[in-house]
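# Reading the structure
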Amino acid sequence: MKSTIENLGPTRVRLAIEVPWSDLDHAFGEVYKELGKQVRVPGFRPGKVPNRVLDQRIGRPVVLEQVVQHAVPEVYSEAIRENQVRVISQPDVEVTRLEDGEALAFTAEVDVAPTLELPPLDSLAVTVDDVEVTDEEIDQQITVMRERFSTLSGVERAAEDGDFVSIDLEATLDGEVLEDGSTTGMSYEVGSGNLMQGLDEAVRGLSADESATFSTALLAGDQAGEMADVTVTVRSVKAKELPELDDEFASIASEFDTLAELREDVRTRLARTKVLQQGGQARDKLVEHLLETIEVPVPEKLVEQELSWRSQAMERELQQAGMDWDAYFSMAEVESREAYDAEMRENVEKAVKTQFVLDSIADAREVTVDNEDLSAQIMAQAQRNRVSPEQYAQQLQQGNNIAEFVADVRRTKALAQLLEETTITDESGNVVDLEALRPRTVAADSADAEDDAAEAAEAEVVEAEVVESDAVESDAVEATDTEETAGKA
């Protein structure tokens, strides 16, 4: 086999491959074997028909066509390996020569990962937010705790934001009550805005047994997007009463005896969350810096394929939810399909560029992935998806996603190594030590061991989270009164 490569652009090549006839013996053998099972020739048992008879029976051109279909993928794969081409799409193949008994020649145009020129990576620096916990933030967390211990009491007045009302709903379209368009005795928090547009405005000011009608767009069903008239009737109004904020509340809501101790614990937890956020923010800013300083060509075909896949996946989700695009845009407050597509394209291009950059850094640094790396990432991702590590590993295998998972782990490892070498300072000029994000040594005491395990999992998510196709994102889960604050970097 002879092969040559022609660069058609920074992300596309054309391979010209020529195969001597003798190298097609294996392909001929497989084709004749399969045809021998399918073709019935009088006087010969199935599978025992001579090759020359098969040629005569079905025609030599048909045999050659099947040989080409059998041989091209194998030869193409071999050429890719020999030339060390990192392909990222399916090839466009064209047979340029097929001479019986002489040779087979074809070309394959395919998108490839670009070769990037990396800048010096030994003096990188990023700045992150200060770790500062305000009294207002502590008050917010304490309020959340008080909400959990609140009680509801019936009141003889009109409904206000924060009240819980029992309501009946009836939706009509063109004067006809919709199927499944009515309900009774539904509990709803006024002002929450989590049911349907216009409901809060209608309920505010209504007392028990009073009604109001408003118009809202249907979000599901065959009439999704159409405006329906909804009549809401308030059956009862209950006000939420919060417990007094004192030492007694602290002892009931937590393991602390005084309110001061509880507030200090909340401050510690919030600070830990913000330290975790610093790690995620440092990572995101480092990626942004790399994308700004490294020129990364993007294969348009790859972007289009990813956009098409995401659009089809979204359509399936909308259909399952009984919604259409217009209803989704209305609910998500998206201006138009054009705005949605533009944002999606930007996200996809950023994700593709990020993967190319991290792959190039991993190549330059000869980053490898071992079983320990894979196990740690499987455990971290399993925790995020709330499944067991065994279930997550099985999902990878069933979806044929192991190769891409390994590639993602390699990218993550390369980024983590680079982050360790990056100078990270907060806005006040203080150096941020990423060691604070690492799990502590597991203590002998079982309670401490549980805390350490939680922190280990948090650090695993911060330091080893896969760079996903939606681009690099970060956020943090708010602190609670009974469990460790979890940071998702």
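These figures come from a predicted structure and were not determined experimentally. (Residues numbered from 1 in each chain as written. Predicted model: local features only at pLDDT ≥ 70, side-chain atom pairs only at ≥ 80, totals over all residues. Heavy atoms only, no water.)

## Concerning the pattern of salt bridges
Where charged atoms from two side chains of opposite charge come close, those side chains can pair. The tally for this structure, following the rule as stated, stands at 35 salt bridges. Between Asp 139 and Arg 263 there is a salt bridge, and its shortest N-O distance comes to 2.9 Å. Taken together, the residues Asp 139 in helix H4 (residues 135-148) and Arg 263 in helix H7 (residues 259-293) connect sequence positions 124 residues apart. Taking the relative accessible area as the measure of exposure, Arg 263 reaches 22% and is therefore partly exposed. A salt bridge links Arg 410 to Asp 363; its shortest N-O distance comes to 2.8 Å. A residue pair is termed long-range when its members are at least 10 positions apart, and Arg 410 in helix H13 (residues 402-421) and Asp 363 in helix H10 (residues 337-364) qualify at 47 residues. Under the relative-accessibility criterion, Asp 363 is labelled partly exposed at 33%. Residues joined by salt bridges that share partners form a network here, namely Glu 6, Arg 12, Arg 14, Asp 92, Glu 109, Asp 111 and Lys 301. (Salt bridge = Lys/Arg side-chain N within 4 Å of Asp/Glu carboxyl O. Helix = DSSP H or I, 4+ residues; strand = E, 2+ residues; numbered from the N terminus. Buried < 20%, exposed > 50% of the residue type's maximum accessible area, 1.4 Å probe, protein only.)

## With respect to the side chain of Thr 216
Its place among the elements puts Thr 216 in strand S9 (residues 211-217). Within the structure, the side chain of Thr 216 is placed 2.9 Å from the backbone oxygen of Gln 197, a separation counted as a polar contact. In this structure, Thr 216 is in contact with Met 196, Gln 197, Glu 226, Met 227, Ala 228 and Val 230, ignoring residues within four places of it in sequence. (Polar contact = N/O pair within 3.5 Å; in protein donor to acceptor, adjacent residues only side chain to side chain. Contact = heavy atoms within 4.5 Å.)

## Here's the deal with the pairing of strand S10 (residues 227-241)
With four bridges joining them, strand S6 (residues 151-154) and S10 adopt antiparallel strand pairing. From the neighbouring strand, Leu 152 faces S10, where its bridge partner is Lys 240. With nine bridges joining them, strand S7 (residues 164-173) and S10 adopt antiparallel strand pairing. Among the inter-strand pairings, Phe 164 is bridged to a residue of S10, identified as Lys 238. (Pairing = 2+ DSSP bridges.)

## Some words on the packing of aromatic side chains
Going through the model one piece at a time under the given rule, you end up with ten aromatic pairs. Plain terms: the ring middles of Trp 21 and Phe 28 are 5.6 Å apart, the flat faces sit at 55° to each other, and that makes the pair tilted. Both residues of the pair, Trp 21 and Phe 28, belong to the buried class. The interplanar angle of 25° and the centroid separation of 6.0 Å between the aromatic rings of Phe 28 and Tyr 32 together place this pair among those described as stacked. Remark: Tyr 32 and Phe 28 occur in helix H1 (residues 25-38); sequence separation between them is four residues, near one turn of the helix. Take Phe 28 and Tyr 32: they sit in the same class, and that class is buried. Linked through ring pairs, Trp 325, Tyr 328, Phe 329 and Tyr 340 together constitute an aromatic cluster. (Phe/Tyr/Trp six-rings, centres within 6.5 Å; stacked < 30°, edge-to-face > 60°.)

## Some details on the nonpolar core
Membership of the largest hydrophobic core comes to 40 residues, with the highest contact counts inside it found for Leu 286, Leu 290, Tyr 328, Val 357 and Ile 424. Of all the elements in the fold, those that place two or more residues in this core are strand S5 (125-128), H7, helix H8 (300-320), helix H9 (325-332), H10 and H13. Ignoring sequence-local partners within four residues, the contact set of Val 357 consists of Leu 116, Leu 290, Leu 291, Ile 294 and Val 296. Counting 32 residues, the second largest nonpolar core, distinct from the first, contains Phe 28, Val 31, Val 67 and Tyr 76. (Core = buried A, V, L, I, M, F, W, Y, C linked by side-chain atoms within 4.5 Å.)

## Overview of H13
With 20 residues, H13 extends 29 Å from end C-alpha to end C-alpha; this agrees with the ideal 28 Å at 1.5 Å per step. Three or more residues of H13 are buried, namely Phe 405, Asp 408, Val 409, Arg 410, Arg 411, Thr 412, Ala 414, Leu 415, Leu 418 and Leu 419. (Expected span 1.5 Å × (residues − 1).)

## Some details on the environment of Phe 405
Turning to its location among the elements, Phe 405 is positioned in helix H13. Spatially, the C-alpha atoms of Phe 405 and Ile 378 are 9.3 Å apart, while their sequence positions differ by 27 residues. The contact partners of Phe 405, leaving out residues within four places of it in the chain, are Leu 374, Gln 377, Ile 378, Tyr 392 and Leu 396.

## Things to note about unusual backbone geometry
In this model, Gln 84 sits at a positive phi of 55°, which is unusual for a non-glycine residue. Tracing the backbone shows Gln 84 in the loop between helix H3 (60-83) and strand S3 (92-99). The phi angle at Asp 209 is positive, at roughly 70°, despite the residue not being glycine. By the secondary structure assignment, Asp 209 is in the loop between helix H5 (199-203) and S9. A residue is classified by how much of its surface remains accessible, and Asp 209, at 57% relative accessible area, is exposed.

## Observations regarding the confidence of the model for the chain
Taken residue by residue, the chain gives an average pLDDT of 85. The fraction at 70 or more is 88%. With pLDDT under 50 throughout, residues 439-489 is counted as low confidence; its partners more than four residues away or in other chains account for 119 contacts. (pLDDT = per-residue confidence, 0-100.)

## Quick word on the packing of H4 against H7
Close contact between H4 and H7 brings their axes to 10 Å; oriented N to C, the two are set at 110°. Regarding the angle of H4 to H7, the classification is roughly perpendicular. Crossing of H4 against H7: the hand is right-handed. Between H4 and H7, the residues in contact are Asp 135, Glu 137, Ile 138, Asp 139, Gln 141, Ile 142 and Met 145 and Leu 262, Arg 263, Val 266, Arg 267, Leu 270 and Lys 274, respectively. (Axes fitted to C-alpha atoms, helices over the stretch in contact; angles between N-to-C directions. Parallel < 35°, antiparallel > 145°, perpendicular 65-115°, else oblique. Left-handed = near helix turned anticlockwise from the far one by under 90°.)

## Considerations on the sheet that holds strand S4 (residues 103-111)
Pairing between the strands of a sheet is mediated by backbone hydrogen bonds and can be parallel or antiparallel. With antiparallel pairing, the four strands of this open sheet are ordered in space as S1-S2-S4-S3. With one partner strand each, in any of the chains shown, strand S1 (2-9) and S3 form the two edges of the open sheet. Averaged over all pairs of adjacent strands, the angle between their axes in this sheet comes to 15°, without regard to strand direction. The sheet contact formed by S3 and S4 spans seven bridges and is antiparallel. Residue Glu 94 lies in a different strand from S4, and its bridge partner there is Thr 107. H3 contacts S1, strand S2 (12-20), S3 and S4 of the sheet and is inclined by roughly 55° relative to S4.

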